Amino acid sequence: MGIRRDERSGSSSVPRVLTSLPWVVVLLGVSLLTVLLLVALLSLRGPERQSAAPAPAPPIYLPTVAETTTSPARPTPR
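This report concerns the structure included in the present document. Here the structure is a predicted model, which is why all the values come from computation and not from measurement. (Residues numbered from 1 in each chain as written. Predicted model: local features only at pLDDT ≥ 70, side-chain atom pairs only at ≥ 80, totals over all residues. Heavy atoms only, no water.)

1. Notes on the overall build of the protein chain
Then step 1. A tally of regular secondary structure across the protein chain gives two helices and zero strands.
Then step 2. The buried share among the 78 residues of the protein chain stands at 0%.
Then step 3. When the accessible surface of the protein chain is split by element, carbon and sulfur atoms take 66% of a total near 8,700 Å². (Helix = DSSP H or I, 4+ residues; strand = E, 2+ residues; numbered from the N terminus. Buried < 20%, exposed > 50% of the residue type's maximum accessible area, 1.4 Å probe, protein only. Areas by Shrake-Rupley, 256 points an atom, 1.4 Å probe, with all protein chains shown as cover.)

Set out below in structure tokens:
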């Protein structure tokens, strides 16, 4: 009995498992179902409510420095 190429010890079976056809079919099926579910959910949504814009806030008035009339400085009596 000769050793077949697939049955040799030391051969890496990980890439063969990852690229096997059943995994590809399963992944494509799951992704297709996910896309269809998202399309169905987005198409069944009701229209968005168009709410009126809220009333604008009243204007903010910044404080201003009042103009004062000052007389020239007088020396204080002792």
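2. Focus: a nonpolar patch on the surface
Then step 1. Taken together, the side chains of Leu21, Val24, Val25 and Leu28 present a nonpolar region at the surface, about 380 Å² in accessible area.
Then step 2. Within the secondary structure layout, leucine 28 lies in helix H2 (residues 21-43). (Patch = residues over 30% accessible without salt bridge, like charges linked within 9 Å, V, L, I, M, F, W, Y side chains within 5 Å. Salt bridge = Lys/Arg side-chain N within 4 Å of Asp/Glu carboxyl O.)

On their own, these measurements won't tell you what the molecule is for.
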